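Here are the chains, one letter per residue:
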Amino acid sequence: MYYSVIGMIAIVLHLIMNHEFIKINKNRNEVDRAFKKFALATLMYFTTDALWGIFSSLSLAKLLYADTFFYYIAMALTIAYLCEYVTHYLHLKKGFGKFIRVFGQTFAILVALLLVVNHFVHIFFWINPDGSYQAYIYRYIALYMQVFLCLLLAIQSGIVMIKAAGEMRKRFFTIFFFCTSMTVAIVLQIQYPLLPIYGIGLLIGNAIIHTFVNEGEIEEQFRVLQSMADIHYSMHVIDLAKDSVQEFTAREDVKAIVNRPEGALQMMRDVITAVTIEEHLESVLEFTDLSTLAERMRGSKTLAKQFIGRETGWVQAMFIAIETDPYGKPTRVIFTTRVIEEEKKNEETLVRKSQIDELSGLYNRRTYEEDVLKYSEEVNEDLVYASIDVNGLKVVNDEIGHAAGDELIKGAADCMKKVFENYGKVYRTGGDEFVSIFFANEQQLEAIIEELDATTNQWSGELVSTLSLSAGFVAKREFMEEPIVEIAKIADKRMYKAKSAYYSKKGVDRRGQAAANTALCNLYTKILKINITDDTYTIVNMDVTEKTSEKGFADTISEWLIGFGKSGQVHEEDLDGYLNKTDLNYLREYFKEGKTSISIQYRRKYGDLFKQVAMDMIPADDYSEDNQTLFLYVKNIDM
């Protein structure tokens, strides 16, 4: 019976050491899953080994035969799963590692088949009617095959161990020692078949793996969690099935609430209610509702939300699934909170920079285009679109300098911001071009127009003493059926009318400008106002047939120029020169050198023919080194 006693002790010790791994589910990593299979096969072996001693001592031949059958099955499975565990732990996923795993699986299948055959022809073992055990040739072959597999694992783990360093070298040495010990144990089992040497080897091997490998892995995971805890405001493990909480780390104010004898569900509500500002409380309580969490996280690893804490500012809370049921719903989760106030400030700064025009401090053209899209379906009759232009900017730039021109733009921006900021937004859409979109009733609009005039009249700078704006205001109530893009066009017309009236007062005759503009449009086939600083453009005059993807038409001027050339519109012999000279980086440097114009000649496709054309670019009135606006003209010179 001593044989059975050893087996029973082995079962108890094995369960004590490896109960956590035996319980793990399929969502753990492949190393843990492989060790679980190895541990279960070992448990099966210990069980059959313990029963073998009992049945043998009682001479129960039939039960002894059945037990011995499963004994050899368990033995084969321990070796097969040992091969799987060791190769995964050593990261041998291909080549030799795959060969060892397949070899181990094949070995287990062959043993099972031989045991079935053994029932009819005694080739593996037999139990005599008196309960005595008799071994045959295939029993020895099977054991020698196990020796071969364990020896291969020992050699490979030894090679990996030599190449490793530090803590991992110690763990690989443990694997090497276990495989070597199992090789010796199996050899001894062959020599002494009635002694539990194989079982003792498995027990010792499991003990050293548990102590030096699995415990080491757990310690490493603990260190990882500890390093995570250092950057988190709080971290708790929540067992959803048991409604319990285990604190990993927390600040004192959170500890005071968590360390109460109530369940996780109520604790979470109390914590969130205590630390969250009123405006965010309802949504955060919904996010942290543990009664619905499992269903909301079905199939997901994480669930996160940001909110503002009463004392901390912005906080990011996150649930991380660590155990799930067969349906993919978490049963245990880590709940973490991290203060992200500084990150939020940086994020808001970056967002603001992407939305704001650097010189004026107003919203930029990109933001304007996004907002116009947002307001495209707006039906509020109080919506007002204002198109605004700075008068006399070119004269200031030419006569006083660009520093004075910049002062004028900043002054205009400050005046508009003061007037419009309580009603809506102000955008700088070009050099001296501004737009405001805001909401005001009729009385408010009249007051705003008067305030804008008064504010600009009172303004005075260091380099420029006066400021004048031309503005066109259009309220949605005037054109309820028109979209905002059409309202913008009407506002532009009103602004230009106001500008014309301004110049008339100043004694500047602009009556011939319309005729001159018509003549210019007849001479040039394409006129654009482009900004090579922010890669934008405005179409002044162009045939609508040019706005096609076949001719490279695009949202930015750089993409349009490149697309036009590469679409076959430019003769291949002229293409390199065209692309080089229309490159925005080239143009930026070219005009920064003080050049007043550039002319690019190339052959352009018309139908089946190529004709010579010239593209001229000259700085616009509002050109500055920080805001390079140009007029682009294209004319046909091959008449």
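Note that the structure is predicted; figures quoted are calculated from it, not measured.

(A) Geometry of the overall build of the protein. Within the protein one finds 21 helices and 16 strands. Counting the 639 residues in the protein, one finds 45% classified as buried. Long-range contacts, defined here as pairs at least 24 residues apart, represent 58% of the contacts in the protein between residues at least 6 apart. For the protein, the exposed surface amounts to about 33300 Å²; the carbon and sulfur share of it is 56%.

(B) Highlighting the pattern of salt bridges. For the structure on display, the rule yields 20 salt bridges. Across the salt bridge formed by E478 and R494, the nearest N and O atoms sit 2.8 Å from each other. Linking E478 in the loop between β11 (469-475) and α17 (484-505) with R494 in helix α17, this pair joins segments that are 16 residues apart in sequence. Of the residues examined, E478 reaches a relative accessible area of 39% and is grouped as partly exposed. In this structure, R603 engages D574 in a salt bridge whose closest nitrogen and oxygen atoms are separated by 2.9 Å. Taken as a pair, R603 in strand β14 (residues 598-606) and D574 in the loop between α19 (557-569) and α20 (575-581) lie far apart in primary sequence, 29 residues in all. Taken together, the shared-partner salt bridges connect K526, E546, K551 and R604 into one network.

(C) Structural view of helix α4 (residues 96-118). When the terminal C-alpha atoms of α4 are compared, their 32 Å separation across 23 residues agrees well with the 33 Å that a helix rising 1.5 Å per residue should span. All buried positions along α4 are accounted for by G97, I100, R101, F103, G104, F107, A108, V111, L115 and N118. Where α4 is buried, its residues contact α3 (61-89), β1 (125-127) and α5 (137-163).

(D) View of the sheet that holds β11. Strand order in the open sheet formed by 4 strands is β9-β10-β8-β11, and the pairing between neighbours is antiparallel. Strand pairing shows two members of the sheet lacking a second neighbour, β9 (424-428) and β11, which therefore form its edges. Each adjacent strand pair in this sheet contributes to an overall mean axis angle of 15 degrees, direction not counted. In terms of strand pairing, strand β8 (residues 383-390) meets β11 through 7 bridges, oriented antiparallel. If you follow S387 over to β11, its bridge partner there is G472. Sheet strands in contact with helix α13 (residues 365-374) are β8, β9 and β10 (433-439), and its direction is about 135 degrees off that of β9. With respect to the sheet, helix α16 (residues 442-458) is in contact with β8, β10 and β11, its orientation differing from that of β11 by roughly 170 degrees.

(E) The arrangement of the packing of aromatic side chains in detail. A complete count under the given rule lists 37 aromatic pairs for this structure. With a centroid separation of 5.0 Å and 65 degrees between ring planes, the pair formed by Y578 and Y602 is classed as edge-to-face. You can see Y578 sitting in helix α20 and its partner Y602 sitting in strand β14, a full 24 residues away along the chain. Of the two residues, Y578 and Y602, both sit in the buried class. Following the ring pairs from residue to residue traces out a cluster consisting of Y45, F46, W52, Y65, Y71, Y72, F124, F125, W126, Y133 and Y198. Geometry around Y140 places R139 over its ring, the cationic atom sitting 4.9 Å from the centre. Cation over ring: K526 sits above F564, and NZ or CZ is 4.9 Å from the ring centre.

(F) Representation of a nonpolar patch on the surface within the structure. Taken together, the side chains of V5, I9, V12, L13 and I16 make up a nonpolar region of the molecular surface, amounting to roughly 430 Å² of accessible area. Within the secondary structure layout, L13 lies in helix α1 (residues 2-23).

(G) Examining the environment of H119 more closely. Relative to the elements of secondary structure, H119 occurs in the loop between α4 and β1. Judged by relative accessible area, which is 45%, H119 ranks as partly exposed. Residues H119 and Y65, 54 residues apart in the sequence, show an inter-C-alpha distance of 9.6 Å. What H119 contacts, discounting residues up to four positions off in sequence, is Y65 and W126. Polar contacts involving the side chain of H119 include one to the side chain of Y65, which spans 3.2 Å.

(H) A look at the sheet that holds strand β15 (residues 609-619). If you trace the 5 strands from one edge of the open sheet to the other, you get β13-β12-β16-β15-β14, paired in antiparallel fashion. Taken across any chain shown, the strands that pair with only one partner, and hence form the sheet edges, are β13 (536-542) and β14. Pairs of neighbouring strands in the sheet enclose a mean axial angle of 25 degrees, with direction left out of account. Bridge count for β15 against strand β16 (residues 629-636) is 7 bridges, and the pairing is antiparallel. Each bridged residue has a counterpart across the sheet, and for A614 the counterpart in β16 is K635.

(I) Up close: unusual backbone geometry. In this model, H91 sits at a positive phi of 60 degrees, which is unusual for a non-glycine residue. Tracing the chain through its elements places H91 in the loop between α3 and α4. A positive phi angle is found at D243, which is not glycine, with a value near 55 degrees. Tracing the chain through its elements places D243 in the loop between β3 (234-239) and β4 (244-250). Looking at D243, the relative accessible area reads 35%, which means it is partly exposed.

(J) Region of interest: the packing of helix α2 (residues 30-57) against α3. At a minimum axis distance of 8 Å, the contact between α2 and α3 shows a crossing angle of 155 degrees. Classed by the angle they form, the pair α2 and α3 counts as roughly antiparallel. Like other packed secondary-structure pairs, α2 and α3 cross with a definite hand, here left-handed. Per-class residue counts for the contact of α2 with α3 are 22 nonpolar, 6 polar and 5 charged.

(K) Representation of the environment of K36 in the model. Tracing the backbone shows K36 in helix α2. A sequence separation of 18 residues divides K36 from N18, and the C-alpha atoms of the two residues are 8.5 Å apart.

(L) Highlighting the side chain of E546. With respect to the secondary-structure elements, E546 resides in the loop between β13 and α19. Within the structure, E546 has its side chain in polar contact with the side chain of K551 (distance 3.2 Å). Excluding anything up to four places from it in sequence, E546 contacts K526, K551, F553, F564 and R604.

About the thresholds
- Residues numbered from 1 in each chain as written.
- Predicted model: local features only at pLDDT ≥ 70, side-chain atom pairs only at ≥ 80, totals over all residues.
- Heavy atoms only, no water.
- Helix = DSSP H or I, 4+ residues; strand = E, 2+ residues; numbered from the N terminus.
- Buried < 20%, exposed > 50% of the residue type's maximum accessible area, 1.4 Å probe, protein only.
- Contact = heavy atoms within 4.5 Å.
- Areas by Shrake-Rupley, 256 points an atom, 1.4 Å probe, with all protein chains shown as cover.
- Salt bridge = Lys/Arg side-chain N within 4 Å of Asp/Glu carboxyl O.
- Expected span 1.5 Å × (residues − 1).
- Pairing = 2+ DSSP bridges.
- Axes fitted to C-alpha atoms, helices over the stretch in contact; angles between N-to-C directions.
- Phe/Tyr/Trp six-rings, centres within 6.5 Å; stacked < 30°, edge-to-face > 60°.
- Lys NZ or Arg CZ within 6 Å of the ring centre and 35° of its normal.
- Patch = residues over 30% accessible without salt bridge, like charges linked within 9 Å, V, L, I, M, F, W, Y side chains within 5 Å.
- Polar contact = N/O pair within 3.5 Å; in protein donor to acceptor, adjacent residues only side chain to side chain.
- Parallel < 35°, antiparallel > 145°, perpendicular 65-115°, else oblique.
- Left-handed = near helix turned anticlockwise from the far one by under 90°.
- Nonpolar A, V, L, I, M, F, W, Y, C, P; charged D, E, K, R; others polar.

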